Amino acid sequence: MEVIDAVMQEEDAKAVRLIPLPCSNIEDRWVWHFSNRGVYSVSSRFVHIMWKSSLIGYVPSMNIPPKLRHFWWKACCNFLATKQNLHRKRCNPSLVCPICLRDPESVEHLFFQCDWTNAVWFGSSLNYKVESLAISSVMNWIVPVMDHLDSAIDGPACMGKIIFLAWQIWKSRNDCVFNHMPVDPRDTMARANFGWSKFHGSLGNQEIPRKHVKQVSLVTHWECVEEGWVINTQ
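Keep in mind it's a predicted model, so treat the numbers as computed, not measured.

### Here's the deal with the overall build of the protein chain
Then, number 1: For the protein chain, the helix and strand inventory stands at 10 helices and zero strands.
Then, number 2: Looking at the protein chain residue by residue over its 234 residues, the buried ones come to 36%.
Then, number 3: Within the protein chain, contacts between residues at least 6 apart in sequence are counted, and of these 55% link residues at least 24 apart.
Then, number 4: Per element, the accessible surface of the protein chain, about 15800 Å² overall, is 58% carbon and sulfur.

So, in structure tokens, the structure goes:
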């Protein structure tokens, strides 16, 4: 515990202490994450190097908080603790998405294929319409996006907004799983926009309180919208 306190911030140290220890008697073993069998090979290493090379110099140079750089790197490399990844490592009995309760929760499902995230991307300032079936991995999606934004005047700002939005999707998902708080696309969009704006100093030291949300079941569903709202069905 002393080592954890010495190398981590207080908030992160508390989170680490809450991680449950495994109950099985299976001995630890070395696993190569970048092959399906967990066995290292020269070919799998070569593929991995070529796969991530486009992000090696890009992510560390991005003008975003270090925590978000680390988060985005993990998202692109499929290192986030989704249900599917935990199930693959035998740390979780189910791989089903805890929000839609329908599909396996892969990184791609988490950010792009779960129904509520479509509303987040489309309703944000990016106005991005997700083609979920065309996204095979976060890496394959973000590389052409980076290529396109490299030549745009507001490219760095758009890239920052993408990562802030993905970060808030991840946080909203975790609030739903661990705190039983329902996902709300409008709340997620507002927090992503506020975080981006505050990071660049346009809002000064103003704070935005998290709205009060009562404890609910993890199962979410569509309800009739309030009078005056317009739904875009395109």
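### Concerning the side chain of aspartate 184
Then, number 1: Relative to the elements of secondary structure, aspartate 184 occurs in the loop between α9 (155–179) and α10 (185–199).
Then, number 2: Here the side chain of aspartate 184 touches arginine 186 through a polar contact of 3.0 Å, landing on its backbone nitrogen.

### Structural notes on a nonpolar patch on the surface
Then, number 1: There is a patch of nonpolar side chains on the surface, built from Val3, Val7 and Met8 and spanning about 290 Å² of accessible area.
Then, number 2: Relative to the elements of secondary structure, methionine 8 occurs in the loop between α1 (2–7) and α2 (10–17).

### As for the packing of aromatic side chains
Then, number 1: Following the criterion strictly, the structure yields 12 aromatic pairs and no others.
Then, number 2: On the numbers, 4.9 Å between centres and 85 degrees between planes, the contact of tryptophan 32 with tyrosine 40 is edge-to-face.
Then, number 3: Taken together through their ring pairs, the aromatic side chains of Phe71, Trp72, Phe111, Phe112, Trp121, Tyr128, Trp141 and Trp167 make up a single cluster.

### Structural notes on the packing of helix α4 (residues 66–76) against α9
The geometry of a pair of packed helices is captured by two quantities: the angle between their axes and the separation between those axes.
Then, number 1: Two numbers describe how α4 lies on α9: the axes approach to 10 Å, and their chain directions differ by 80 degrees. Classified by the angle between their axes, α4 and α9 sit roughly perpendicular to one another. Facing Lys67, Leu68, Phe71 and Trp72 of α4, the residues of α9 in contact are Met159, Ile162, Ile163, Phe164, Ala166, Trp167 and Trp170.
Then, number 2: Among the residues making up the contact of α4 with α9, the classes are represented as 10 nonpolar, no polar and one charged.

### A short note on α4
Then, number 1: Of the residues making up α4, those classed as buried are Leu68, Phe71, Trp72, Ala75 and Cys76. Looking down the long axis of α4, one finds its buried residues gathered within 130 degrees of arc, a one-sided arrangement. Opposite the buried face of α4, at more than 90 degrees from it, the exposed residues are Pro66 and His70.
Then, number 2: Count one or two residues on from α4 and you reach asparagine 78, which has phi positive near 60 degrees.

### Focus: the confidence of the model for the protein chain
Then, number 1: Mean pLDDT over the protein chain: 80, with 77% of residues reaching 70 or higher.
Then, number 2: Note that pLDDT drops below 50 for residues 203–221; the model gives that stretch 32 contacts with residues more than four away or on any other chain.

### Quick word on the environment of aspartate 115
Then, number 1: Here aspartate 115 shows up in helix α7 (residues 115–123).
Then, number 2: Each C-alpha atom of the pair aspartate 115 and serine 132 lies 9.8 Å from the other, and the pair is 17 residues apart in sequence.

The rules behind the values
Residues numbered from 1 in each chain as written. Predicted model: local features only at pLDDT ≥ 70, side-chain atom pairs only at ≥ 80, totals over all residues. Heavy atoms only, no water. Helix = DSSP H or I, 4+ residues; strand = E, 2+ residues; numbered from the N terminus. Buried < 20%, exposed > 50% of the residue type's maximum accessible area, 1.4 Å probe, protein only. Contact = heavy atoms within 4.5 Å. Areas by Shrake-Rupley, 256 points an atom, 1.4 Å probe, with all protein chains shown as cover. Polar contact = N/O pair within 3.5 Å; in protein donor to acceptor, adjacent residues only side chain to side chain. Patch = residues over 30% accessible without salt bridge, like charges linked within 9 Å, V, L, I, M, F, W, Y side chains within 5 Å. Salt bridge = Lys/Arg side-chain N within 4 Å of Asp/Glu carboxyl O. Phe/Tyr/Trp six-rings, centres within 6.5 Å; stacked < 30°, edge-to-face > 60°. Axes fitted to C-alpha atoms, helices over the stretch in contact; angles between N-to-C directions. Parallel < 35°, antiparallel > 145°, perpendicular 65-115°, else oblique. Nonpolar A, V, L, I, M, F, W, Y, C, P; charged D, E, K, R; others polar. Arc of directions from axis to C-beta. pLDDT = per-residue confidence, 0-100.

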